[in-house]
Structures are given as structure tokens and as C-alpha cells.
Amino acid sequence: MAFKMVAVVGASGSLGKPIVQALLAAGFKVTAISRETSNSTFPDGVEVRRADLTSVEALTKAFAEQDVVVITVPAQESGNQNQYVDAAVAAGVKRFIPAEWGFNTRPGKLSPGLASVLGGKTKTVDYLLEQTKAHPSLTWTGIATGTFLDWGFDRGVYGINAATKIATIYDSGNEPLSASTLPFIAQSVVAVLQPQQRADQTANRYYDVVEQTFTQNELLRLFEEETGSAFAVTRVSTKDLARARDEKLAKGDPGAWVLALCLGTFADGCGQAVEEGDIANGELGLQGRGLRGIVRDYLRAKGA
Ligand SMILES: NC(=O)c1ccc[n+]([C@@H]2O[C@H](COP(=O)([O-])OP(=O)(O)OC[C@H]3O[C@@H](n4cnc5c(N)ncnc54)[C@H](OP(=O)(O)O)[C@@H]3O)[C@@H](O)[C@H]2O)c1
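Residues numbered from 1 in each chain as written. Predicted model: local features only at pLDDT ≥ 70, side-chain atom pairs only at ≥ 80, totals over all residues. Heavy atoms only, no water.

The name given to the chain in an unreviewed UniProt entry is NAD(P)-binding protein, and the organism recorded there is Parathielavia hyrcaniae.

Here is the structure:
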């Protein structure tokens, strides 16, 4: 039977919003599962269920009648997803999509530096594998997407500031990295759930979807060409960042996250880019936009 009802936990967030839009556009009935204390608002047509997101009992009620549960809670909460898995089993949900949405966190894929901040995601998928084996009526699909592109431009993730025309380039700037825009990621969620034949194929599978693979230097060149300006470039050695990350990790400082992700994405030889043969875009019928068009649209929207 085709999936119809999709619950999204974190539906008001940076990623949750475009996923909800894409699901509605594809004809799914969407339920937003929102914190009891939240004032978030949702588009017309979305049912809202407020719940204690730490309670399996409350979540089981919130997931009633849902075919699919998609988790898009914030990164710092992504090590706390077991209660959603337990509630999905209890509520008779058929497909669970955990909060991966970034690096592939399967064993052996993360460097030790990244595992120190993303290990909670690995443990969640391990728990999901165990629970879906014990309760085969629940299936799962994991989606790794690389770094968020459009979202990252706004937050300085790529070290390129279109307003000030200043760029920070890590090491040589020639390390390839894989990344995806939020609309592309949202489309990947729809793609694993419909049509039904594909939804059957995507049961109990982990996918890497990638909209574009590029280097920081290539991205900087596009920003310079599209703005018609030369950017002032500062070069940073990631050896210094690694020292700062280790000091912050030792102190339990949450700033270690940003440094670990930066090192795992840009350091020479970090190997973040997904191998061409591992990218599932073709199998899922996904087509990414060109990087120049993505940069151009971003700059237009910013009036830069
Ligand atoms: N690869 C990348 O570059 C990248 C970048 C950013 C994020 N991500 C990943 O994307 C996923 C979603 O992140 P996001 O930035 O979109 O999240 P977000 O916008 O920070 O939050 C999503 C929603 O979760 C709910 N929420 C807030 N605090 C919460 C808490 N303490 N516990 C449970 N729910 C809470 C809120 O919804 P309500 O108010 O409705 O409850 C919020 O709107 C995460 O897995 C993150 O790791 C990846």
C-alpha cells in the first residue's frame, strides 16, 4: 500500500520547512510533530500535534495513523533519537527516516574527528537497524546529503562572504567536497517515498545523495565571477584548527562542533567528497542544479 501520511519532527526548522513543502507538493498528508513549548507555525494543510518529544508514550500518540516518520530535529539533538524509533514501532509506522542529513555516518565512513561530534547519529542508525530487525513492520531509509549549500552560504560555512567580499580558504582550497541545497534534499525525501515501487526498493537502505561536488577554490571563483569582484583571501592552516578543536573537545565546549565539521569538510586529504559510484541520484531519479546557477540565485536573493 502506498505511503500517504507523513509525520515530520522538527517541521518548522531550516530543513523541516522545505521537506514539508516538498511533501505537500507531492500529495502527501503532512503532520508536524512540534514541541509542547513551541510557538512554531505551519503552512495551511499541515496538521499540528504538540508533544513531549522525550516521552515514548506521548510520541506514540503523536505518530498514530502515520505511515512515515521523518526526523529533522537540530544537530545537537541528533544523538537523542531512540525514543522516536520506539514510538514509531509502537504506533505501527511503516518507514522511519532518521536525522542524518549531512556526512555519511555509517561505521568506517567518519574520520575520528567527525565521529567525536557525529557519533550520536551513528548510534541512532545502529539502534534503528536493531529495532527494525526485531520489528520488521517498521522499515527505514537513511539519507546523507553532504554539507548544506544555500543554508551554508548564509552562515559562513564555506568561508566566503558575499557582502564583505572576504574569503577564508582552508589549506590549499583544492579538497573536493559534496554538498546539496535544501530543496534538493527535500526532493530526495519525496524520491525515497514515491512511487510505491521505489518506496519498496528504498526500504532498509542508506543513500548518499549529492547535488554538487566542488572545491573551495572553485566556489570562490564562481562568487568572484558572478559578483564581478575580486575577494580578499585569507589562508588558514587546518593544523591550527585541529589544535583548537581538541582543546574545545577536552573542555566540552560546543564550539568544537563547528571546528570539527570545518576540518572534516575542507582540510586537505579529509576525503569528505562522496565517490561518484556511491551517489544514489540516478537510482532515486534526482537531478541537481548547476553550481553557478545556485550561486547566482543566492547572490540575486541577497542583492549582492
Ligand atoms: N549537513 C549540513 O551542512 C547541515 C546543516 C544544518 C543542519 N544539518 C542537519 O539537519 C538536521 C536538522 O537541522 P536544522 O538546522 O534544520 O534544525 P533546526 O532548524 O535548528 O530545528 C528544527 C526544529 O526542531 C525543533 N526543535 C528545536 N529545538 C529542539 C530540541 N531541543 N529538541 C527537539 N526539537 C527541537 C523546532 O521545531 P518546533 O519548534 O516545531 O518543535 C525546530 O524548528 C539535523 O540533523 C542537522 O544535523 C545538517
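Asks: Account for the domain arrangement of the chain, naming residues and giving values.
Replies: Looking at the assigned domains, one finds that the chain contains domain 1 (5–145 + 181–208) and domain 2 (150–177 + 212–274 + 287–302). Once you take the C-alpha centre of each, domain 1 and domain 2 turn out to be 27 Å apart. Facing 13 residues of domain 1, the contacting portion of domain 2 comprises 16 residues. At the boundary of domain 1 and domain 2, one finds zero salt bridges. Across the side of domain 1 that touches domain 2, the residue classes tally to eight nonpolar, four polar and one charged. (Domains from an automatic or database assignment. Contact = heavy atoms within 4.5 Å. Salt bridge = Lys/Arg side-chain N within 4 Å of Asp/Glu carboxyl O. Nonpolar A, V, L, I, M, F, W, Y, C, P; charged D, E, K, R; others polar.)

Asks: Explain the sheet that holds strand S6 (residues 139–144) to me, and be specific about the residues and the numbers.
Replies: Pairing in this open sheet of seven strands is parallel, and the strands run S3-S2-S1-S4-S5-S6-S11 from one edge to the other. Each edge of the open sheet is held by one strand with a lone partner, namely strand S3 (47–51) and strand S11 (205–208). If you compare each strand with its neighbour and ignore which way they point, the axes differ by 20 degrees on average. As paired elements, strand S1 (residues 5–9) and strand S2 (residues 29–35) share five bridges and run parallel to each other. Note on S2: the bridge partner recorded for Val6 is Val30. Each of strand S5 (95–97) and S6 touches helix H4 (residues 112–134); the most contacted strand, S6, lies at about 160 degrees to it. (Pairing = 2+ DSSP bridges. Helix = DSSP H or I, 4+ residues; strand = E, 2+ residues; numbered from the N terminus. Axes fitted to C-alpha atoms, helices over the stretch in contact; angles between N-to-C directions.)

Asks: A description of helix H1 (residues 16–25) should follow, citing residues and the corresponding values.
Replies: Every α-helix carries 3.6 residues per turn, so stepping three or four residues along brings you back to the same face. Turning to H1, its buried residues are Gly16, Pro18, Ile19, Val20, Ala22 and Leu23. Structurally, H1 contributes buried residues whose contacts are with S1, S2 and helix H6 (182–193). Looking one or two places after H1, you find Gly27, whose phi comes out positive at around 95 degrees. (Buried < 20%, exposed > 50% of the residue type's maximum accessible area, 1.4 Å probe, protein only.)

Asks: So what about the environment of Ala22? Which residues, and what values?
Replies: Take Ala22: it is sitting in helix H1. For the pair Ala22 and Leu59, spaced 37 residues apart in the sequence, the C-alpha separation amounts to 24 Å. Discounting residues that sit within four places of it in the chain, Ala22 has contacts with Ala186, Gln187 and Val190.

Asks: How would you sum up the pairing of strand S10 (residues 177–180)? Please name residues and give values.
Replies: Successive residues of a regular strand alternate their side chains across the two faces of the sheet. Here S10 shows no split at all, with Leu177 and Ala179 on one side and Ser178 and Ser180 on the other all buried. In this sheet, S10 lies alongside strand S7 (residues 147–148) in parallel orientation, the contact comprising two bridges. Within the sheet, the bridge partner assigned to Phe148 lies in S10 and is Ser180. Pairing geometry for S10 and strand S12 (residues 212–214), over three bridges, is antiparallel. Its bridge partner being in S12, Ser178 is matched across the sheet by Thr213.

Asks: Would you mind going over the site of the ligand in detail, with residue names and values included?
Replies: Surrounding the ligand, one finds 24 residues, the nearest of these being Ser12, Ser34, Ser38, Ser40 and Phe148. Between the ligand and Ser12 there is a distance of 2.7 Å, counted from an oxygen atom to a side-chain nitrogen or oxygen. Here an oxygen atom of the ligand and a side-chain polar atom of Ser40 are 2.7 Å apart. With the chains in place, 81% of the 920 Å² that the ligand exposes on its own is no longer accessible. Those elements that place two or more of their residues in the shell around the ligand are S2 and S7. The residue makeup of the shell around the ligand, split by class, is ten nonpolar, eleven polar and three charged. (Near = heavy atom within 4 Å. Polar contact = N/O pair within 3.5 Å; in protein donor to acceptor, adjacent residues only side chain to side chain. Areas by Shrake-Rupley, 256 points an atom, 1.4 Å probe, with all protein chains shown as cover.)

Asks: Describe the nonpolar core, with residues and values.
Replies: By size, the foremost hydrophobic cluster in this structure holds 60 residues, and its most contacted members are Leu23, Phe63, Trp101 and Leu193. At nine residues, the largest contribution of residues to this core is made by H6. Filtering out sequence-adjacent residues up to four positions away, Leu23 remains in contact with Val6, Val8, Phe28, Val30, Val189, Val190 and Leu193. Counting 28 residues, the second largest nonpolar core, distinct from the first, contains Ile160, Leu220, Phe231 and Leu241. (Core = buried A, V, L, I, M, F, W, Y, C linked by side-chain atoms within 4.5 Å.)

Asks: Account for unusual backbone geometry, with residues named and values stated.
Replies: Each neighbour pair has its own omega, and for Gln194 with Pro195 the value is -5 degrees, a cis peptide bond. Mapped onto the elements, Pro195 comes out in the loop between H6 and helix H7 (196–201).

Asks: Please provide a residue-by-residue account of the packing of aromatic side chains, values included.
Replies: A complete count under the given rule lists eight aromatic pairs for this structure. Where Phe148 meets Trp151, the ring centres are 5.8 Å apart and the plane angle is 85 degrees; that geometry is what we call edge-to-face. Classification of Trp151 as partly exposed rests on a relative accessible area of 28%. Seen in terms of ring centroids, Tyr170 and Phe266 are 5.2 Å apart; in terms of plane orientation they differ by 25 degrees. Their pairing is stacked. A residue pair is termed long-range when its members are at least 10 positions apart, and Tyr170 in strand S9 (residues 166–170) and Phe266 in helix H10 (residues 255–266) qualify at 96 residues. In this pair, the class of Tyr170 matches that of Phe266, namely buried. Aromatic ring contacts, followed pair by pair, group Phe153, Tyr158, Tyr170, Phe214, Phe223, Phe266 and Tyr298 into a single cluster. (Phe/Tyr/Trp six-rings, centres within 6.5 Å; stacked < 30°, edge-to-face > 60°.)

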